[in-house]
Amino acid sequence: MSGDASEKNKEVYVQDTESLAPAPPLGGGLHRQLKNRHIAMISIGGVIGTGLFVGTGGSLANGGPLGLFLGYLTMGTIVFSVMISLGEMVAFLPIPGGHIKLAERFINRAFSFAMGWNYWYNWTIVAPAELSAAAILVNYWHPNVSDAVWVAICIVVVLTINMLGAGAYGEAEFIFASIKVLTITGLIILGIILDLGGGPDHDRIGFRYWKNPGPFVQYDGIAGAKGRFLGWWAVLSQAAFSFIGTEIVAIAAGEAKNPRRNLPRAIRRVYIRILLFYIGGTFVIGLLVPSNDPSLVLESGTAASPFVIAMQNAGIKVLPSIINACLLSSAWSAASSDLYTSSRALYGLAVSGNAPRIFLKTTKSGLPVVSVLFCALFTLLAFMAVSSGAGNVFKWFSDMTAVTGLMTWFGISVTYLRFYKGLRVQGIDRTSLPYYTRLQPFAAWYACISTFIICLFNGWNVFLKGQWNTATFITSYLPFILSPILFGGAYLYYGKPPVRASEMDFKSDLAQIAAEEVDDPPPRNRMEAFWQWLVRVAFF
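These numbers were taken from a predicted model, which means no experiment stands behind them.

The rules we used
- Residues numbered from 1 in each chain as written.
- Predicted model: local features only at pLDDT ≥ 70, side-chain atom pairs only at ≥ 80, totals over all residues.
- Heavy atoms only, no water.
- Helix = DSSP H or I, 4+ residues; strand = E, 2+ residues; numbered from the N terminus.
- Buried < 20%, exposed > 50% of the residue type's maximum accessible area, 1.4 Å probe, protein only.
- Areas by Shrake-Rupley, 256 points an atom, 1.4 Å probe, with all protein chains shown as cover.
- Axes fitted to C-alpha atoms, helices over the stretch in contact; angles between N-to-C directions.
- Parallel < 35°, antiparallel > 145°, perpendicular 65-115°, else oblique.
- Contact = heavy atoms within 4.5 Å.
- Nonpolar A, V, L, I, M, F, W, Y, C, P; charged D, E, K, R; others polar.
- pLDDT = per-residue confidence, 0-100.
- 1 Å grid on protein atoms, 1.4 Å probe; cavity = no way out; pocket = protein on both sides within 12 Å on 5 of 7 lines; lining within 4 Å.
- Points joined across faces, edges and corners; volume = space filled by probe spheres on them.

(A) Layout of the overall build of the protein chain. Secondary structure summary: the protein chain contains 20 helices and 2 strands in total. Per-residue burial for the protein chain yields a buried fraction of 59% across its 540 residues. Here the protein chain displays about 21000 Å² of accessible surface, and carbon together with sulfur accounts for 65% of that area.

(B) View of the environment of Y169. Within the secondary structure layout, Y169 lies in helix α6 (residues 166–195). Residues Y169 and S333, 164 residues apart in the sequence, show an inter-C-alpha distance of 9.6 Å.

(C) Summary view of the packing of helix α5 (residues 147–163) against helix α14 (residues 369–376). One way to put it is that α5 packs onto α14 with a least axis distance of 11 Å and a crossing angle of 170 degrees. Between α5 and α14, the crossing angle belongs to the class labelled roughly antiparallel. Contacts from L159, N162 and M163 in α5 reach V369, V372, L373 and A376 in α14. Its residues placed into classes, the contact of α5 with α14 shows 6 nonpolar, 1 polar and no charged.

(D) Region of the structure containing the environment of N292. Tracing the sequence through the fold places N292 in the loop between α11 (270–288) and α12 (306–313). For the pair N292 and G214, spaced 78 residues apart in sequence, the C-alpha separation works out to 9.7 Å.

(E) How the structure looks around helix α3 (residues 99–106). Most of α3 sits inside the fold, with 8 of its 8 residues counted as buried. By the burial criterion, the buried members of α3 are H99, I100, K101, L102, A103, E104, R105 and F106.

(F) Region of interest: the confidence of the model for the protein chain. A residue-level look at the protein chain finds 76% of positions with pLDDT of 70 or above and a mean pLDDT of 76. Per-element averaging of pLDDT across the protein chain places strand β1 (residues 2–3) at the bottom with 48 and helix α17 (residues 442–456) at the top with 92. Ignoring residues within four places in sequence, the model shows residues 1–26, a span with pLDDT below 50, making 67 contacts including any to other chains. A low-confidence stretch, residues 299–303 (pLDDT under 50), is modelled with 12 contacts involving residues beyond four sequence positions or located in other chains.

(G) Just empty space enclosed by the protein, in detail. Inspection of every chain in the model, using the stated rule, returns 3 cavities of 30 Å³ or more. Looking at the second largest cavity, the residues that line it are L187, L190, G191, L194, L288, F307, A310 and M311. Taken together, the elements giving at least two residues each to the lining of the second largest cavity come down to α6 and α12. Broken down by element, the residue count for the lining of the second largest cavity peaks at 4 residues, all from α6. Residue composition of the lining of the second largest cavity, grouped by class: 7 nonpolar, 1 polar and no charged.

Structure, rendered in structure tokens:
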């Protein structure tokens, strides 16, 4: 399915020609501080977040156990298609700005402008969503304490991690992601044990909840296949929110050591993570919790994830609190990644000249300090949870970020199709690239069409009789409408048509990238050797 560059062709594209004239950084620019193990855990940590731990409850209530499983399976195929498209490009050109800068190189500046600001908006808005999710989780223990307290604490932790630089972020994400991997793996194993009657109540559940209340939910009481289909479709939007973050490795490429070797490794096994963590996790959730459990609905005021609900139902008293603490660390990790990604996206926009040059300001250690502080201001939106209820805020933000995330995936797919055409026209053999797959260009076309259709019908439920909701309509379609407006405005302003396939630049920056490739240092002690072995075996 995929392959690496052969030794024969490995150094074909290392020449440097006239660059695309990016804006010079104000300071030392970004530094490559992220090690192999950091990239490995960032790639997997981006996959596992509060969408899986908390958001799956609403999806189960909307679609039923089989609707939940099929919804996440469908979205998993889309994500896989996006990632192999992205992986081929960023492994070849691991430059600051990631797919935002690549969109300028292979399409035009207007598309990069729209895609970049959409991506920045996505990660700027998803951070408050993760912070409000943290408030939901903490309310499990202290329901009477104001959400503002927990939100403020989380903001301090997240900002501190990001202000310490990419190296500190990589170390923190390595720890957080390790906790998330251990947590979801343990939850899946525990779920299987509980389903087979291994809990304190020795109740063998089996497929009981697939029979009653049933494998599907008749959405909004609509009978027949139509109601079941709508229930499955309702899962897709939440599933998209859960999967957002798989593309973080593209943004991290500009700060990754040995990106042409480490990025393909991280991307090549993404389908294993999708199958194990999301498909396996949603299947177990559907076995353990009935779709009509009132605790699944966030608006009810409960603060439990489906996994915690399952343990409570099984009579396990202490473990739910331990798991909830692990889920809280997951929310912190996700919010930290959100701030990191949004700040680097803003930096990438500034590099392309699509944002004020002040955001290029970096410290001597390579921290884009102005971008980080500016993006951190938007985390204050999470304080909306104080007056509106954390559950509602989480839903509003997740609705918007699901659409912006899908639009980003659409943009990545379009960029890859142009990249693919450029390679063909210029006679460049794809098998000589650091990473390639034989599924192209079909996978990119599938992702492109699927993401557009899901965005178009994302807010369909407000058009059902008696279901009109202005807030839901706005959050579902505002990002979808803004993207073409941004592109159209930028196209008129810049006045540059899409770059011809024969004129695409496949050489700039390659000499510098090749010069920065160095061998990974050997482990200094047994602990480092153990972690290197674990990352290699578990994820590569």
